[in-house]
Amino acid sequence: MLFCLEKTRAPEFFAISPVLSEEPQSTTMISSAQAPPSTIFAFGISVAIVADGMGGHSSGEVASSLAVKVTRDKFGSMRNTGLKPGAYNDKFALETNQLGFAVQLANSVIYETGNSAPENKGMGTTLSAILLVGGKISIVHIGDSRVYLFRDGVLQQVTEDHSLVMEHVRKG
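Cut-off values and rules
Residues numbered from 1 in each chain as written. Predicted model: local features only at pLDDT ≥ 70, side-chain atom pairs only at ≥ 80, totals over all residues. Heavy atoms only, no water. Helix = DSSP H or I, 4+ residues; strand = E, 2+ residues; numbered from the N terminus. Buried < 20%, exposed > 50% of the residue type's maximum accessible area, 1.4 Å probe, protein only. Salt bridge = Lys/Arg side-chain N within 4 Å of Asp/Glu carboxyl O. 1 Å grid on protein atoms, 1.4 Å probe; cavity = no way out; pocket = protein on both sides within 12 Å on 5 of 7 lines; lining within 4 Å. Points joined across faces, edges and corners; volume = space filled by probe spheres on them. Nonpolar A, V, L, I, M, F, W, Y, C, P; charged D, E, K, R; others polar.

### Concerning the environment of A51
1) Next: Checked against the element boundaries, A51 lands in strand β4 (residues 45-53).
2) Next: We classify A51 as buried; its relative accessible area is 0%.
3) Next: It is 4.3 Å that separates the C-alpha atoms of A51 and L127, two residues lying 76 residues apart in sequence.

Written out as structure tokens, the structure reads:
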């Protein structure tokens, strides 16, 4: 798995992966994209989140930080409690529903923060999150921070950009 972002500043990044230890709930938090993917997606349930504030907007950095923090914290609390989101989709695993709910909450928090002060007006961010549970991957994706799959020497884009430019391309 490869995250490919063509941006000028570093995106917000968070990953959490259970590690083997004597403590049953031990986890490793990785706050930089420099760690090799094998350490990020090592065991059990793992999630990686990349958010990149929209360039040109003064509060893009605030939006990307909020996106990662709210998604990470809400997903973590729902995983710990086993909470089932109200808008549950039976087509997907509990963990996928929880991650989707956490991202929707992050979107609401960013929207409200953007409307709360003039300096935050119009702020926004991309977000791509990958959840690995028992060998199955779920992807949550908003914006143009792409997710790619690298398998057998082939790099394949698995997300579609959500941007005005891509919308024009799709329409021809």
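### Some points on the pattern of salt bridges
1) Next: In total, this model carries 4 salt bridges according to the counting rule given.
2) Next: Taking the shortest distance from any N to any O, the salt bridge between R72 and D73 comes out at 2.9 Å.
3) Next: Of the residues examined, D73 reaches a relative accessible area of 33% and is grouped as partly exposed.
4) Next: Across the pair E95 and R79 runs a salt bridge whose closest N-O atoms are separated by 3.4 Å. Taken together, the residues E95 in helix α3 (residues 94-116) and R79 in helix α2 (residues 60-81) connect sequence positions 16 residues apart.
5) Next: It is possible to trace a salt-bridge network through shared partners that takes in K69, R72 and D73.

### A few points about the layout of surface pockets
1) Next: Here the second largest pocket defines a volume of roughly 310 Å³.
2) Next: Taken together, 18 residues make up the lining of the second largest pocket; nearest its centre are N107, I110, M123, G124 and T125.
3) Next: At the level of elements, α3 and β5 (125-133) are the ones that each hand at least two residues to the lining of the second largest pocket.
4) Next: Among the elements that take part in the lining of the second largest pocket, α3 stands out by supplying 7 residues, more than any other.
5) Next: Split by residue class, the lining of the second largest pocket holds 9 nonpolar, 8 polar and 1 charged.

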